[in-house]
Amino acid sequence: MARNKIDNQAEGDSNSSRRDFLKKSSLLTAFALAPPTLVMASEKKWDEKIAEYIETVSLSIEVNGTKHNLSVEPRTTLLDLLRENLQLTGTKKGCDHGQCGACTVHVNGTRILSCLSLASMQQNAQVTTIEGLSKGKKLHPMQEAFIKHDGFQCGYCTPGQIMSGIACIKEGHANSREEISEYMSGNICRCGAYHNIVDAITEVKEGGKKL
Amino acid sequence: MKNFQIIKALSSASAVSGIKKESSAMFIAGGTNLVDLMKKNVVAPDKLVDITGIDLKKVEFLKGKVSIGALAKNSQVAEDSSIKENHPLLALALAAGASQQIRHMATVGGNMLQRTRCPYFYNTDMPCNKRVPKSGCGAIGGSNRMHAIFGASDSCIAVHPSDMCVALAALDATVLVEGPKGKREIKFTDFHRLPGNTPEKDNILGEKEMITYVEIPDNKFNKNIHYLKVRDRSSYAFALVSVAVALDIQNNTIKDVKLAMGGVSHKPWRLTEAEEFLKGKAVSETIFKQAAALAMHGARAYGENNFKLTLGPNAIIEALTIAASK
């Protein structure tokens, strides 16, 4: 009977997850190092924190020209990395499910949705966000055009619209109002500033400046 | 989202070996559907194998066919000048799907493996035989405006959401896959399956197999083609009904024709009966109407999607008319 119990226990252990193992082993380490800290460790969930630290991956990433060497959980999205880890809150979290385009950023020159990108898959990537567009106090031509044409009301979708608008021109998909509407369709504006957004993009396109 | 391990594979062989011993491991490429499903806790893998570093990204024109790497991006294929020239139906269908941001991320293989957008599949509080086998179907007798009219079962009336796949089904493509038991080829029209009693399986890909290439045989469908997508807004929405048409017209006679529909079934729905009827006939509105009527044989609606029984044939007639007039 006793033997069976031990066997079952052992079997249970072998099935337990790596995370549980890390939690237990980190707790044991804390206990071995300084027994009095054990109570505090569990109160402050240090075991959780240690387990999380061990379960992160290292990431080298360049954001708006600045290189960062970070440690991130595999599940961290690029959007959360920008907003929570790097405090670059210009990139907005709208739906967080790839339906609104508010989180649009450029990765290696291509517009993508940062909410559906895992940060851990962006090793050595060059990321540009809305914060990386202006040169000192001089706004980017697309930012200027959005102000001139009143391309927003509440402004929440605007960073995504501007990042998408720049890419739309660079990709060669801004040759008519219809084409701009089609290739900007991934950026939803609930205030309905679409007409003015198309005006802004058209003006920047016709201005012919290098973006 | 539950946390997970992530490893990077640099070849298809190492990707397959990286996944084979872990029951809940999955491949990840573009992530446009998988990351979303993980956020909703619809799937919760313990390990992801990042396959984006594998050299499967080229579009290559070989003797008698074009070979498209499974990791080629949707936008890359849609804007490839040779694809636009030789397989414009595929370029049109790709451009009709999702948004440009998502097309920049999503891969050809991932597009084929995307899950249904049935709201009951996404909502873990609701029954769904596809998500949890034997839990019931919320869409039958529920909200089913987007759902199937062909090939559905008492277990599932969900539709496959892809546009790209409708064109590939029409163009007689072949899927190349690799797994622990080696490589094999699957006819594109056999790749996706009907729900039957096992709607949890979207396709016939083995559990540890990965798609490596999609091949399209050379054809004459570079002019009279059309992809008509009917949806709730003019862009960035899934199809209510879509129709892919490829015609080879000589002296006003239809020498060859390929027809497939999207948004109507658990798989891209090929209209073989209508194709056979159209072959050898002179182009006319009458035969297009007759072909559309033939295509609707066996259609069955479920309440909110009754309108598809009218929209379907009308879309077929419209798509054929536009393709023939190009």
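Residues numbered from 1 in each chain as written. Chains lettered and ligands numbered in written order. Predicted model: local features only at pLDDT ≥ 70, side-chain atom pairs only at ≥ 80, totals over all residues.

Q: For this particular structure, what's the right way to read the domain arrangement of chain B?
A: Often the size quoted for an interface is simply the accessible area lost on bringing the parts together. Taken domain by domain, chain B comprises domain 1 (5-52) and domain 2 (224-324). On a C-alpha basis, the centres of domain 1 of chain B and domain 2 of chain B stand 36 Å from each other. (Domains from an automatic or database assignment.)

Q: Please clarify how helix H1 (residues 12-19) of chain B should be interpreted in this entry.
A: The periodicity of an α-helix, 3.6 residues per turn, causes residues three or four positions apart to be oriented the same way. Residues and elements named next belong to chain B. The set of residues buried in H1 consists of Ser12, Ala15, Val16, Gly18 and Ile19. Relative to the axis of H1, the buried residues are bounded by an arc of 160° and lie together on one face. Looking at the buried positions of H1, the neighbouring elements they touch are strand E1 (5-8), strand E2 (25-28), strand E3 (47-50), strand E6 (174-179) and strand E8 (210-217). (Buried ≥ 20, exposed ≤ 12 C-beta atoms within 10 Å, placed from the backbone. Helix = DSSP H or I, 4+ residues; strand = E, 2+ residues; numbered from the N terminus. Arc of directions from axis to C-beta. Contact = placed C-beta atoms within 7 Å.)

Q: I keep staring at the environment of Gly192 of chain A and nothing clicks. Help me out?
A: Turning to its location among the elements, Gly192 of chain A is positioned in the loop between helix H8 (177-183) and helix H9 (194-207). Once the C-alpha coordinates of Gly192 of chain A and Gly151 of chain A are considered, the two residues, 41 residues apart in sequence, prove to be 9.3 Å apart.

Q: What is the right way to look at the packing of helix H6 (residues 141-148) of chain A against H9 of chain A in this model?
A: For any two helices packed against each other, the geometry is given by the interaxial angle and the distance between the axes. Residues and elements named next belong to chain A. With their axes 8 Å apart at the nearest point, H6 and H9 run at an angle of 135° to one another. Taken together, the axis directions place H6 and H9 in an arrangement best described as oblique. At the point where H6 passes H9, the crossing takes the right-handed sense. Contacts between H6 and H9 involve Pro141, Met142, Ala145 and Phe146 on the former and, on the latter, Ala200, Glu203, Val204 and Gly207. When its residues are assigned to classes, the contact of H6 with H9 shows six nonpolar, one polar and one charged. (Axes fitted to C-alpha atoms, helices over the stretch in contact; angles between N-to-C directions. Parallel < 35°, antiparallel > 145°, perpendicular 65-115°, else oblique. Left-handed = near helix turned anticlockwise from the far one by under 90°. Nonpolar A, V, L, I, M, F, W, Y, C, P; charged D, E, K, R; others polar.)

Q: What exactly am I supposed to notice about the interface of chain B and chain A here?
A: Taken together, the 20 residues of chain B in the interface contact 24 residues of chain A. The set of elements that each furnish at least two residues to the side of chain B that touches chain A consists of E1, helix H2 (34-39) and helix H6 (100-105) of chain B. Of all the elements, H6 of chain B adds the most residues to the side of chain B that touches chain A, at five residues. In terms of residue class, the side of chain B that touches chain A is made up of seven nonpolar, 10 polar and three charged.

Q: I keep staring at the packing of helix H12 (residues 285-295) of chain B against helix H13 (residues 308-324) of chain B and nothing clicks. Help me out?
A: All names here are of chain B. Running from N to C, H12 and H13 cross one another at 140°; their axes reach a closest spacing of 9 Å. Considering the angle they form, H12 stands oblique to H13. Note on packing geometry: the crossing formed by H12 with H13 is right-handed. Counted together, Phe288, Lys289, Ala291, Ala292, Ala293 and Ala295 of H12 and Pro313, Ile316, Ile317, Leu320 and Thr321 of H13 form the full contact between these two elements. Here the contact of H12 with H13 is built from residues that sort into nine nonpolar, one polar and one charged.

Q: What exactly am I supposed to notice about the sheet that holds strand E10 (residues 241-250) of chain B here?
A: The pairing of strands in a sheet happens through backbone hydrogen bonds and is either parallel or antiparallel. Residues and elements named next belong to chain B. Taken in spatial order, the four strands of this open sheet run E9-E10-E11-E12, and their pairing is antiparallel. Unpaired on one side and paired on the other, strand E9 (224-230) and strand E12 (269-270) mark the two borders of the sheet. H13 rests against E9 and E10 of the sheet, and its axis sits at about 35° to E10. (Pairing = 2+ DSSP bridges.)

Q: So what exactly am I meant to see when it comes to the sheet that holds E8 of chain B here?
A: All names here are of chain B. Spatial strand order, E4-E5-E8-E6-E7: five strands in an open sheet with antiparallel pairing. What marks the edges here is a single partner per strand, and that holds for strand E4 (59-62) and strand E7 (182-187). Averaged over all adjacent pairs, the angle separating strand axes in this sheet is 25°, with direction ignored. Pairing of strand E5 (residues 65-69) with E8, which is carried by five bridges, proceeds in the antiparallel orientation. Bridge assignment links Gly69 to a residue of E8, and that residue is Tyr213. Docked against the sheet, H1 engages E6 and E8, running at close to 135° with respect to E8.

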